[in-house]
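Fold and geometry: a report
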Amino acid sequence: MHLKRRTLALVLPATLAALVGAAPVPPAAPASVPAAAAGTDRHEPKPTVVLVHGAFADASSWSGTIRGLQHAGYPVLAPANPLRGLAADTAYLRSVLAAVDGPVILVGHSYGGAVISGAAVGDSRVRALVYIAAFTPDKGESAAELAAKFPGSTLGDTVNPRSYPLPGGGTGTELVIDEVKFHRQFAADVPTADAAVMAVTQRPVATAALEEKAGGAAWKTIPSWALVATADKNIPPAAQRWMARRAGSQVTEVEASHAVAVSRSAVVTRVILAAARATR
């Protein structure tokens, strides 16, 4: 009897430790995300998720997504996108990535999609690209060109041009969305008070950045996921679908404005996690 009790005393703690330490069952993936993409985290280390905002936004637009990713145990980085020129912004993002250890998941919203497409070229640490209501340009294409490829964008009627000084002298032109029109144009499904804050903190984008042609397309060699915002008034949903199909992306659609990372952060987080888990 004493020997039996001693054996149980040795076995039970180990059994309980194994049960307690077991990985939790992940939440089910959205219907439009393949089941394989929602697999469990079986390997270490977890990749760093780098979130790149687009025009007329700033890094705070990822706040809800950041909380969701951190809760899932992922390291996250959300740098400020300069929005001055595609080649320059791409070079800046590469410098950010150079300081990151280990594998990376690159996520781009809007114009940020063009930036991650260029920055990931030749970087073997980038495991997946995730496009959130974003541009997915091929080499030689610009964001402005892709936005005009299909009807539906009303952005041109809401932006105001402003001049800004260029580092080498002279002036450039940048665009901002009129504060009065911002809510309806950019963030129609975001509460009015929140949209008002977004309007006054928006980051202007240089027209040169939207017109500059992409120098590379990493989605040709790196697996990609895309979230299409079906109520987007900046990038027509038809354009988002077309780019996603061309890239062979795993596609999720959601009824949301261009500010989908703010209004539907839980969906955005699920898509990113599906990409991260599928490529580990």
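So, here's what we can say about the structure.

Reading the values: rules and limits
What you see as residue numbers is a count from 1 along each chain, following the sequence as written. For this predicted model, a pLDDT threshold of at least 70 governs which residues receive local features, and a threshold of 80 or more governs which side-chain atom pairs are given and counted, while totals over whole chains, interfaces and linings are taken from all residues. Side-chain measures here rest on the full set of heavy atoms in the structure, leaving out hydrogens and waters. Following DSSP output, two strands are said to pair if at least two bridges run between them. Helix numbering and strand numbering both begin at the N terminus, where a helix is a DSSP run of H or I of at least 4 residues and a strand a DSSP run of E of at least 2. The rule is short: rings of Phe, Tyr and Trp, with Trp giving its six-membered ring, pair when the centres are within 6.5 Å, and they are stacked under 30 degrees, edge-to-face over 60, tilted in between. The rule is simple: take the accessible area with a 1.4 Å probe, protein chains only, and divide by the maximum for that residue type; under 20% is buried, over 50% is exposed, in between is partly exposed. In our convention, an over-ring charge means Lys NZ or Arg CZ found within 6 Å of a ring centre and within 35 degrees of that ring's normal. By nonpolar core we mean a set of buried residues, namely Ala, Val, Leu, Ile, Met, Phe, Trp, Tyr and Cys, connected to one another through side-chain atoms within 4.5 Å. Should any heavy atoms of two residues lie within 4.5 Å, those residues are considered in contact. For helices, the fitted line uses only the C-alpha atoms of the stretch in contact; every axis is such a line through C-alpha atoms, and the angle between N-to-C directions lies from 0 to 180 degrees.

**Re the sheet that holds strand β5 (residues 159-165)**
Strand order in this open sheet of three strands is β5-β6-β7, and the pairing throughout is antiparallel. Every other strand in the sheet has two partners, leaving β5 and β7 (205-206) as the edge strands with one partner each. Bridge count for β5 against strand β6 (residues 171-177) is seven bridges, and the pairing is antiparallel. Within β6, the residue paired with Asn-160 across the bridge is Val-176.

**Side note on the packing of aromatic side chains**
Throughout the structure, instances matching the rule amount to two aromatic pairs. Aromatic pair Phe-150 and Trp-242: ring centres 6.3 Å apart, planes at 55°, arrangement tilted. On the criterion of sequence distance, the pair formed by Phe-150 in the loop between α5 (143-147) and β5 and Trp-242 in helix α9 (residues 237-247) is long-range, its members being 92 residues apart. For Phe-150, a relative accessible area of 24% puts it in the partly exposed group. Classification of Trp-242 as partly exposed rests on a relative accessible area of 23%. One residue, Arg-84, lies across the ring of Tyr-164, its end atom 4.3 Å from the ring centre. For the cation-ring pair, Lys-149 lies above Trp-242, with the distance from its terminal atom to the ring centre recorded as 4.6 Å.

**Re the nonpolar core**
Judged by nonpolar contacts, the single largest core of 53 residues is most densely connected at Phe-56, Leu-93, Leu-106, Leu-129, Phe-186, Ala-187 and Val-205. If you look at the next biggest cluster of nonpolar residues, it comprises 28 residues, including Ala-72, Ala-133, Leu-273 and Ala-276.

**Let's talk about the sheet that holds strand β2 (residues 76-77)**
Strands sit in the order β2-β1-β3-β4-β8-β9 across an open sheet of six strands; the sheet is parallel. What marks the edges here is a single partner per strand, and that holds for β2 and β9 (250-254). Strand direction decides the pairing type here: strand β8 (residues 224-229) and β9, joined by five bridges, are parallel. Its bridge partner being in β9, Leu-227 is matched across the sheet by Thr-252. Packing against the sheet, α9 makes contact with β8 and β9, and its axis sits at approximately 165° to β8.

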